[in-house]
Amino acid sequence: MKNLMSGLAFAALTLGVGAQGAGAQDWAKANLAKSPRHGEFVTITEASGRKLQAWVVYPEVKGKAPVVVMIHEIFGQSDWAREMADELAGAGYIVVEPDLLSGFGPAPSAAAADPAATEATMDHSHMQAPAGAGAAFVAVDPGGTAAFPPDQVTKAVSMLDPNVVTADLDAAADYGKKLPAANGKLFVAGFCWGGGKTFAFATHRKDLSAAFVFYGPPPPVEAMKAIEAPVYGFYAGNDARITATIPDTKAAMKAAGKTYEPVIYDGAGHGFMRAGEAPDASAENAAARTAGFRRLVELLGGVR
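Residues numbered from 1 in each chain as written. Predicted model: local features only at pLDDT ≥ 70, side-chain atom pairs only at ≥ 80, totals over all residues. Heavy atoms only, no water.

Once that is clear, we can look at the packing of helix α3 (residues 26-33) against helix α4 (residues 79-89). Look at α3 against α4: their axes get within 8 Å of each other, and the N-to-C directions meet at 35 degrees. Considering how the two elements wind past one another, α3 and α4 form a crossing that is left-handed. Of α4, the residues touching α3 (which contributes Trp27, Ala28, Lys29, Asn31 and Leu32) are Asp79, Trp80, Arg82, Glu83 and Asp86. Of the residues belonging to the contact of α3 with α4, the class tally is 4 nonpolar, 1 polar and 5 charged. (Axes fitted to C-alpha atoms, helices over the stretch in contact; angles between N-to-C directions. Helix = DSSP H or I, 4+ residues; strand = E, 2+ residues; numbered from the N terminus. Left-handed = near helix turned anticlockwise from the far one by under 90°. Contact = heavy atoms within 4.5 Å. Nonpolar A, V, L, I, M, F, W, Y, C, P; charged D, E, K, R; others polar.)

Below, the structure is given as C-alpha cells:
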C-alpha cells in the first residue's frame, strides 16, 4: 500500500500537478467565498482521543438530508477540496470532509500557537458560525494540511497509516449520521488518493448506500467480497495507470456478486474534477468535470 501511495504522489508530480500547483487555487477560494451555504470547521474527538478536524457544509433544504463523507486528494484538504464539498452540498447533501492530516503537521505549528494565524488559515465567510453537534472547532498542535509547506503535503498524505485513515473516516461518518439535520443515509466519495480510500472504505463500512470512486485504484480482490454498497467509478481516458485496472476490477466485482459501474471520460486526464474547473482547463477535462458531477448528482438522487 505504501508503494502504491508513493506511486500516486510521484505520478501527480510528474503530471505537473504537484502540491504547489494544486495549492494555487485562488479560483476555488473565490468560489467558496461566494457560497450562500453554511460551512464550518469542526473537531471530532475519536474514541482513541485523536482530534480530527473536518470541514462540514450544509445544504439549503427544508428537511433532513443524507450525508456524504468526502475524501480529499493526495493534496490534502485544499481550497478545491473544500469548494468541492460546498458544491455537492448545493445539490442537497450534508458533506463531511475530514482533514486526514489532522495532528500530523510540522511542530510547533505557528497557526495553532497564534489564534489570529489560525483564523487566517481557516478563512471563510461562514467560519464564525457556531459548530454543530457540540463539535466546536479547536486548533490542534501539530496542525493538519494547512500547517505543511505546500511541497510536503503529498508526501505526508502518502505516508498516512491506512488503519488511522479508516478510523478517521469512521469517525467522520458517525459524526455526520448523528447530526440533527441528517436523515441517516450515508454515502462516501473521494478523488485520486481519496478515490482509492473510498473503494477501500466500501470494503469496511456496512451502512453505506453507495460509494463514488473518482480515478482511484481498487482494493485487493479478496477484500471486494466484503463490499455491500454499489460502487460507481469515474475515470479518465488518458490515465492508463488507473483506468487499466477497470477490466480486472469489473471481473472481480462481478464474480463476488457486487455492483460496480465505471464510466471513462475520453480525453480527460487524472484529476479532471479539479483540473476541469481551473481557469486553464482543457476542453476535455472541463467536459469530463461537468459530466462527472452531473452523473454523481444523478446517482445520489440530488435536487439538481
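In this section: the side chain of His72. In this fold, His72 is placed in the loop between β3 (65-71) and α4. On the accessibility criterion, His72 (1% relative accessible area) is buried. Separated by 3.2 Å, the side chain of His72 and the backbone nitrogen of Leu100 make a polar contact. (Buried < 20%, exposed > 50% of the residue type's maximum accessible area, 1.4 Å probe, protein only. Polar contact = N/O pair within 3.5 Å; in protein donor to acceptor, adjacent residues only side chain to side chain.)

Turning our eyes to something else, we now look at the pairing of strand β2 (residues 51-58). Most of β2 sits out of view: 7 of its 8 residues are buried. Bridging between strand β1 (residues 38-45) and β2 involves 8 bridges; their strand directions are antiparallel. Note that in β2 the partner of Thr43 across the bridge is Gln53. Counted between consecutive antiparallel strands, the loop separating β1 from β2 contains 5 residues, among which Gly49 sits at a positive phi close to 95 degrees. Alignment of β2 against strand β4 (residues 94-98), held across 4 bridges, turns out to be antiparallel. (Pairing = 2+ DSSP bridges.)

Here the focus is the pattern of salt bridges. Within this structure, the stated rule accounts for 13 salt bridges. Measuring nitrogen to oxygen at the nearest pair gives 2.8 Å for the salt bridge that ties Asp207 to Lys177. With Asp207 in the loop between α9 (193-202) and β6 (208-214) and Lys177 in helix α8 (residues 162-178), this residue pair connects regions lying 30 residues apart in the sequence. Here Asp207 falls in the partly exposed class, since its relative accessible area comes to 28%. Looking at Lys177, the relative accessible area reads 29%, which means it is partly exposed. Residues participating in the shared-partner salt-bridge network are Asp170, Asp174, Lys177, Arg205 and Asp207. (Salt bridge = Lys/Arg side-chain N within 4 Å of Asp/Glu carboxyl O.)

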